[in-house]
Structures are given as structure tokens and as C-alpha cells.
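Chain by chain, the residues:
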Amino acid sequence: MSGAEVMVDVVVAGGGVAGLWTAAALRHAGYSVLVLEGRGGGGGGSGVPGQSIGAQGIIHGGMKYALTGEASAAARAIAGMPAAWEAALAGRSADGVDLRDGGGVRVLSPCTYLWTTPGVLSKLAGFAASRVLRTAVSGLDRGAWPAGLAGASKGISVYRVEEPVLAVDGVMAALHRQAGVVAAGRLGGEVVGEVDAARGEVVLRRADGGGGVGGAGGVVRAKQVLLLAGAGNVDAARALGAGGGNGQGLPAAQTRPLHMVMVRWPKGVSAPAEVFGHCVGPSNLPKLTITSATDSGGRRVMYLGGEVAEQGVKRDAAEQISAAKAVMAQCVPWVDVRGAEWGTCRWERAEAATKDGSRPDVPVLVEAGAGGGAGGLVVMGWPTKLAFAPRLAAMCGEHVRGRGVVPSGGAGAGGAEAARAALGLDVARAAPLPWEDGGVEWRAV
Ligand SMILES: Cc1cc2nc3c(=O)[nH]c(=O)nc-3n(C[C@H](O)[C@H](O)[C@H](O)COP(=O)(O)OP(=O)(O)OC[C@H]3O[C@@H](n4cnc5c(N)ncnc54)[C@H](O)[C@@H]3O)c2cc1C
């Protein structure tokens, strides 16, 4: 018996926030969508986990980018994102994405705070920039400081920034459900494919020729492929024949590494109040960005990013923990870390390349160079920030509609589920939060 041939409207490669939000929005618009998520597959993946679950969950509205005192293009572009997320959290997003799905996403903090180390007050004059942003930034009298900053000494300033912090595991779980069928398979690993230029479709099959309905190896045809696979985008494009085998003509991508630090307070050790926000020093990058959580064992965890994570890439875990302790002593000296345990984790932020290697200002969606210019049949995108996921999803939707791909009415999972079965793929499982990952080596230092 020969394998099944199943048609779907759209295949999305990548089950991070970009792929899942986009798939969810397309499903709401009536498209049948199969998501392929390559993590943990046996397809020789890069070993770099998807970034989304490692994000700090801050829904930026541009404040961080205004630290230079100017409202940069990035700041203006991201200003509408908190409102877009708020709409999705409340179930009234224009694209139909409803983050209330499955009980809702925890808002860990309705806002972030910005505080200074002594001697950088003048820097905050730059907050005139906030006038041209929609993000409200307001100075706080000491009595209004949050519990996590209450122990600070005099001589610092505290600001409230209207940028919420979300529980990223909840975001991913809600999007996973809304995205419909998320199959465990790497494009270029378990799943291979090629462009059928004559029909204007992409044809996908298993690399090993097996699996599939009836065990004979099925084929999936798609009218659109969206590569939203973060650091895996270029490899995924190559797997569809983009770049002519030598990489020529592929869109340029870049990665920027981070070495994040986690601190947790074991049971029996007095844990500090939660802290959410950025400690700013003299540079335009926060010295330290802290978000807080309670882990599955009921322990307080703080997750540390910012300058220390950028500069710590070359440090080993022990060196990075020492550096983070020193920065905490400067930025949050009132947080008692005696008895705490420390761990680190590494991530690659994946984006479209920029000339100087800096972060692009906006989400990017480009022709992937597959199929001899088959007119946008295969495109690749990067949101650049978690916060930009709704914007990139909207760009993908415009692209799909602009190509005249008509929704087959597959808002149910019918076609996509049949496609998963045809490829013989399991349903992808969610990745753990960094501090829930069994691979972390926790040290009491
Ligand atoms: C430590 C850290 C903290 C951050 N904090 C914030 C924050 O607070 N706020 C914010 O707005 N942004 C933040 N960001 C940025 C944000 O996380 C990213 O911009 C965003 O998550 C990117 O989403 P994505 O879906 O493009 O990529 P990813 O999350 O990397 O997802 C891509 C997925 O594609 C899969 N994949 C790869 N190759 C293939 C293939 N060939 N076939 C199928 N699947 C494949 C991968 O397994 C992965 O799951 C942070 C980033 C990092 C690293």
C-alpha cells in the first residue's frame, strides 16, 4: 500500500513563540496548519534549545531601548506590543489568539521597575524620551517602591515601567493548544522536502522513507512554508533546496549568545521578595535584568540577564556565577543570597543579520531563496523579541493572504492531524523552563 498524500495550507517549521503564535493566528483565519518542531528529535539538531522558553517574559514596550535618551526606531516599533499582548491575554486579540486558553497565562508582574545604582541619576534625564513612547515611565516615591526594592538604601531612583512580565511556560502552553497540531520533527532531520515549482507547492516526506499512514511513508503537500525556526532557519531553508547547495542566496542570519544565571533559595533558607526589572548603570544596556518565579518545588528563583549575561559568554559557569554575585552586590545589595544555589544556562538569540551585528529594530520576514524564486512559497522570519511575536504573526498572515493562499476552512485540526500521521511523527512536547531543566548543575557558593 502506498503512503497517504495529505494537503495542508501551511507548514510552519519551528514551535517557538513565533511559529506557535503564527500557526494559531492562521488557524483562526481558517487555514489548516502543520507545525514541525525539531527540538529533541533524532535529526541531528544543533543542540541549541529554542530561545522562547528561556526568555525572561518581559513584554517590552520600548523603555529598554530608550535608555540612550533617544526614542530609537526599535523603541517606536515595539511601543504597541504590550497592548497587543494584553488583548491576547484578555481574549480579544484581532487575530483570534486567546491566551486564556487552558486556564490563562500568569502575569508574574503587571509592570517592571527600573532602578539606578548611585551616580547615574543624570542618565535618567533621558526619560524625556518616554514622551514619544507609549510606554509610561513614572518616578516613584519611596513609599510606592515594590517589596523587592524596599530594602534599597537612599540615593537610588526607582521608576515604574508599564511592561508586564508573563510566565513564559504558560504562554507557550496556551499557544501550543491554539496552534493545533505541533509535530515532533525537524525539517532537514526526520522530515525532508523539496519545492514542486510546477504546482507551486512544497512536498514533505520522512527522511527514512518509512513511517506514515499504513507504514508506507506518506507525503504532505503545502501551499506555503513559513520557516520560523530561530537559529535553525537557514538549515531548514537548505533542507528545501534553498541556496543551491552552497548557501548562496540564503538570507543572512546572526546569533547573539547569552550566559544567563539562575539563583534559587532552597526550602528553609529565607527567600527575598520577588524583583522584576532592570538596574541601570552608565551604559545603555541594563547592568542587570531580574525576573522572579516560584519553581515546581515551591522555591523562589531569580533569573538574571542584562549586561552580565552578554559579557559572560566567554566565562565558564563558575566564573559567570562569581560575576553575577558581584553584580547583584552592586545592583541589589539588599537581596540576601546567603544559602542560595546558583546555576547558569546558555542561549543563542537568533535574528536576521544586521550590518554591525546589533539587534534588528523590528521583526523580519524574508524570501528564503528556495524553489528558484517560487514567489514567496518559502519564507523565513525572526521576531527579534518575544514581545514582537504578534507582529511577526501578522506579517506572516499578510504574506500568506497576499500570495492568494485561500483558507481551506481547516480551523479544526483535521488536515493537519492527517499530515502528522502521514509523516509518522509524534506530538511535540513542551520544553522545560530553564530552572526546571534536570540538566542544570546547581552550586551552593
Ligand atoms: C535568555 C533570553 C531572554 C530573553 N528575554 C526576552 C524577554 O524578556 N522579552 C522579549 O521580548 N524577548 C526576550 N528574548 C528574545 C526572545 O526569546 C526571542 O526573540 C524569541 O523567543 C524568538 O522566538 P522564535 O520562535 O523565533 O525562536 P525559538 O524560540 O528559538 O524557536 C525556534 C524553534 O524552532 C525549532 N527548530 C529549529 N530548527 C528547526 C527545523 N529545522 N525544523 C523544525 N523546527 C526547528 C527549535 O527547536 C525551536 O523550538 C530573550 C531571549 C533569550 C535567549
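Higher on the page you've got the structure.
Note that this is a predicted model, so its numbers are computed, not measured. (Residues numbered from 1 in each chain as written. Predicted model: local features only at pLDDT ≥ 70, side-chain atom pairs only at ≥ 80, totals over all residues. Heavy atoms only, no water.)

### Notes on the site of the ligand
Reasoning step 1: If you check the shell around the ligand, you find 36 residues, and the closest are Glu-37, Gln-51, Ser-52, Ile-58 and Ala-387.
Reasoning step 2: Taking Gln-51, its main chain carries an N or O atom lying 2.9 Å from an oxygen atom of the ligand.
Reasoning step 3: With respect to the ligand, the backbone of Gly-57 contributes an N or O atom lying 3.2 Å from an oxygen atom.
Reasoning step 4: Elements supplying a minimum of two residues to the shell around the ligand: helix 1 (17-28), strand 2 (33-37), strand 12 (253-265) and strand 16 (341-352).
Reasoning step 5: Here the residues of the shell around the ligand sort into 16 nonpolar, 15 polar and 5 charged. (Near = heavy atom within 4 Å. Polar contact = N/O pair within 3.5 Å; in protein donor to acceptor, adjacent residues only side chain to side chain. Helix = DSSP H or I, 4+ residues; strand = E, 2+ residues; numbered from the N terminus. Nonpolar A, V, L, I, M, F, W, Y, C, P; charged D, E, K, R; others polar.)

### Brief notes about the pairing of strand 4 (residues 112-116)
Reasoning step 1: Burial analysis of strand 4 places 5 of its 5 residues in the buried class, which makes it a mostly covered element.
Reasoning step 2: With burial as the criterion, each face of strand 4 is covered, one bearing Thr-112, Leu-114 and Thr-116 and the other bearing Tyr-113 and Trp-115.
Reasoning step 3: Bridging between strand 4 and strand 6 (residues 158-161) involves 4 bridges; their strand directions are antiparallel. Of the residues in strand 6, the one forming a bridge with Trp-115 is Val-158. (Buried < 20%, exposed > 50% of the residue type's maximum accessible area, 1.4 Å probe, protein only. Pairing = 2+ DSSP bridges.)

### Quick notes on the packing of helix 1 against helix 4 (residues 168-179)
Reasoning step 1: At a minimum axis separation of 8 Å, helix 1 and helix 4 run at an interaxial angle of 40°. Comparing the axis directions of helix 1 and helix 4 gives the class oblique. Judged by the twist between their axes, the crossing of helix 1 over helix 4 is left-handed. Residues Val-17, Leu-20, Trp-21, Ala-23, Ala-24, Arg-27 and His-28 of helix 1 touch helix 4, and the partners they reach there are Met-172, Leu-175, His-176, Arg-177, Gln-178 and Ala-179.
Reasoning step 2: Residue classes in the contact of helix 1 with helix 4 are distributed as 8 nonpolar, 3 polar and 2 charged. (Axes fitted to C-alpha atoms, helices over the stretch in contact; angles between N-to-C directions. Parallel < 35°, antiparallel > 145°, perpendicular 65-115°, else oblique. Left-handed = near helix turned anticlockwise from the far one by under 90°. Contact = heavy atoms within 4.5 Å.)

### Let's talk about unusual backbone geometry
Of all residues except glycine, most have a negative phi; of all peptide bonds, most are trans.
Reasoning step 1: Phi at Thr-384 takes a positive value of approximately 80°, unusual for a residue other than glycine.
Reasoning step 2: Structurally, Thr-384 is set in the loop between strand 18 (378-382) and helix 8 (389-402).

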